[in-house]
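Commentary on secondary and tertiary structure
This is what each chain is made of:
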Amino acid sequence: MPITSTKEMFKKAYDGGYAVGAFNVNNMEIVQGITEAAQELRAPVILQVSAGARKYANHAYLMKLVEAAASETDIPIALHLDHGADFEICKSCIDGGFTSVMIDGSHHSFKENIELTKKVVEYAHAKGVTVEGELGQLAGVEDDVSVSEEDASYTRPEEVEEFVSKTGVDSLAIAIGTSHGAFKFKPGQKPRLRFDILDSITQILPGFPIVLHGASSVPQNFLEQINKYGGDMPGAIGIPEDMLRTAAKSAVCKINIDSDIRMAMTAAIRKHMAENPSHFDPRQYLLPARQAVKDMVAHKISNVLGCDSKA
Ligand code: G3H
Ligand code: 13P
Ligand code: ZN
């Protein structure tokens, strides 16, 4: 099946009360692990590429990997630019075959964010590509931009209507307390998401797809495995999965997960190498790493996002 835009995916997700998983991809094993899980569970899926991933793997390689995944499966797969920082990177991805882009103008003023987002929307829509915008700032690290907790700010519901109508975006990423990376809350801090803000936004924008970034849940078993086999990630805390389940049933149509993939792979590789210190063929440790990605994504699809059997 050819790679698709997110338009139809989001409409079905909104109406069906589930969310589509958007998983970050950087190499072949990650693409395969995610798409094999999605295919087996008949789930639509979004493969997303950050600027860092493009720098690491090269646009052409990622494009071909995702095209290969699409031709090996018969589920809807979208290829999305994650956190596009400017018009140029969005244009380059649109011209280079992506079906969806995010323009992240959240670090700019409200007015500049609108101008930049509108420019990307005009270019993208002329080519049938969907656009995600962002209002509000998450704490954590996105590519080279680091936002401290003090500088993070929740999305202001009073701004969303003007932003969406002036820009023409197809979906909106909002900040309600999620954050990027594996350390989302301080030790002892009770994880909390501002569902009241999500509810206000949903009332202002009925039927409009909302996106949650920073939605890894940092499962305890990965953490224990990483630490048991020589890793050191004390105090990592993610978003509890019951909160993500609640979000997936709401106007949230896209849930972004990257850190959990990193942790699944790292946990599997650390365990494999600790148990098989003589192994030096990368296939020996990348095989369990790919399986760990697949198992983790299958769990998210079936038990968190609710998008299984929706392809
Ligand atoms: O939101 C950021 C994603 O986790 C991508 O991370 O920029 O290190 O590839 P990256
Ligand atoms: P996590 O770091 O929580 O996986 O978030 C990923 C993300 O939002 C990518 O845009
Ligand atoms: Zn993000």
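Please refer to the structure higher up on the page.
Residues numbered from 1 in each chain as written. Chains lettered and ligands numbered in written order. Predicted model: local features only at pLDDT ≥ 70, side-chain atom pairs only at ≥ 80, totals over all residues. Heavy atoms only, no water.

Observations concerning the packing of aromatic side chains
In this structure the tally under the stated criterion is two aromatic pairs. Measuring from ring centre to ring centre gives 5.6 Å for Phe87 and Tyr123, while their planes differ by 80°; the resulting arrangement is edge-to-face. With Phe87 in helix α5 (residues 87–95) and Tyr123 in helix α6 (residues 110–125), this residue pair connects regions lying 36 residues apart in the sequence. Geometrically, the ring pair formed by Phe110 and Phe163 is tilted, given 6.5 Å between the ring centres and 40° between the ring planes. Remark: Phe163 occurs in helix α7 (residues 157–167) and Phe110 occurs in helix α6; sequence separation between them is 53 residues. Here Phe110 falls in the partly exposed class, since its relative accessible area comes to 23%. Of note, Lys310 hangs over the ring of Tyr18, and the distance from its end group to the ring centre comes to 5.1 Å. (Phe/Tyr/Trp six-rings, centres within 6.5 Å; stacked < 30°, edge-to-face > 60°. Helix = DSSP H or I, 4+ residues; strand = E, 2+ residues; numbered from the N terminus. Buried < 20%, exposed > 50% of the residue type's maximum accessible area, 1.4 Å probe, protein only. Lys NZ or Arg CZ within 6 Å of the ring centre and 35° of its normal.)

Let's talk about the packing of α6 against α7
Helix-helix packing is described using two parameters, namely the angle between the two axes and the distance between the axes. Running from amino to carboxyl end, α6 crosses α7 at an angle of 35°, the nearest separation of the two axes being 8 Å. Here α6 runs over α7; the crossing is right-handed. Where α6 abuts α7, its residues Phe110, Asn113, Ile114, Thr117, Lys118 and Val121 lie against Glu159, Glu162, Phe163, Lys166 and Thr167. Its residues assigned to classes, the contact of α6 with α7 shows four nonpolar, three polar and four charged. (Axes fitted to C-alpha atoms, helices over the stretch in contact; angles between N-to-C directions. Left-handed = near helix turned anticlockwise from the far one by under 90°. Contact = heavy atoms within 4.5 Å. Nonpolar A, V, L, I, M, F, W, Y, C, P; charged D, E, K, R; others polar.)

Regarding the pattern of salt bridges
Applying the stated criterion across every chain yields a total of 21 salt bridges. One salt bridge in this structure joins Lys7 and Asp170, with 3.2 Å as the shortest N-O distance. Taken together, the positions of Lys7 in helix α1 (residues 7–16) and Asp170 in the loop between α7 and β8 (171–174) put the pair 163 residues apart, joining distant regions of the chain. The buried category is assigned to Asp170, whose relative accessible area is 12%. Measuring nitrogen to oxygen at the nearest pair gives 3.1 Å for the salt bridge that ties Lys118 to Glu122. Residue Lys118 and its partner Glu122 are located together in helix α6, separated by four residues, close to a single helical turn. Each of Glu241, Arg245, Asp260 and Lys300 takes part in one network of salt bridges that share partners. (Salt bridge = Lys/Arg side-chain N within 4 Å of Asp/Glu carboxyl O.)

Remarks on unusual backbone geometry
The backbone of Val218 sits at a positive phi, close to 45°, despite the residue not being glycine. With a phi close to 60°, Ser309 is a non-glycine residue in the positive phi region. Mapped onto the elements of the fold, Ser309 is located in the segment after α12 (282–305). Classification of Ser309 as exposed rests on a relative accessible area of 61%.

Observations regarding the pairing of strand β5 (residues 130–135)
In terms of residue burial, β5 counts as a mostly covered element, since six of its six residues are buried. The alternating pattern of β5 places Thr130, Glu132 and Glu134 and Val131, Gly133 and Leu135 on opposite faces, both of which are buried. In the sheet, strand β4 (residues 100–103) pairs with β5 via three bridges, with the strands oriented parallel. Counterpart to Ser100 in the pairing with β5 is Thr130. Handedness of the crossover is the feature at issue here: the chain leaves β4, passes through α6, returns alongside β5, and the resulting connection is right-handed. The pairing of β5 with β8 spans four bridges and is parallel. (Pairing = 2+ DSSP bridges. Right-handed = clockwise from strand over helix to strand, strands pointing away.)

What to know about the coordination of the zinc ion (ligand 3)
For the zinc ion (ligand 3), the full set of protein donor atoms is His83 (NE2), His180 (NE2) and His213 (ND1), at a range of 2.0 to 2.1 Å. Taking relative accessible area as the criterion, His180 reaches 16% and is therefore assigned buried. (Donors = N, O, S within 2.8 Å, 3.2 Å for Na, K, Ca; no water.)

Details of the sheet that holds β8
A barrel is described by the order of its strands in space; here eight strands give the closed sequence β1-β2-β3-β4-β5-β8-β9-β10, paired in parallel fashion. Ignoring strand direction, the axes of neighbouring strands in this sheet form an average angle of 25°. Pairing of β8 with strand β9 (residues 210–212), which is carried by three bridges, proceeds in the parallel orientation. The partner of Ala173 across the bridge, within β9, is Val211. On top of the sheet, α1 reaches β1 (20–24), β2 (45–49), β3 (77–84), β5, β8 and β10 (252–257); it is set at about 115° to β10, its chief contact. Those strands touched by α5 are β3 and β4, and its axis lies near 175° from that of β4.

Side note on the site of ligand 2
Inspection of the region around ligand 2 gives 16 residues, with Asp82, Lys184, Ser216, Asp258 and Ser259 positioned closest. Residue Ala215 places a main-chain N or O atom 3.2 Å away from an oxygen atom belonging to ligand 2. One of the side-chain N or O atoms of Ser216 is found 2.6 Å from an oxygen atom in ligand 2. For ligand 2, whose unbound accessible area comes to 310 Å², protein coverage reaches 96%. For the shell around ligand 2, the secondary-structure elements that each account for two or more residues are β3 and β10. Partitioning the shell around ligand 2 into residue classes produces two nonpolar, 11 polar and three charged. (Near = heavy atom within 4 Å. Polar contact = N/O pair within 3.5 Å; in protein donor to acceptor, adjacent residues only side chain to side chain. Areas by Shrake-Rupley, 256 points an atom, 1.4 Å probe, with all protein chains shown as cover.)

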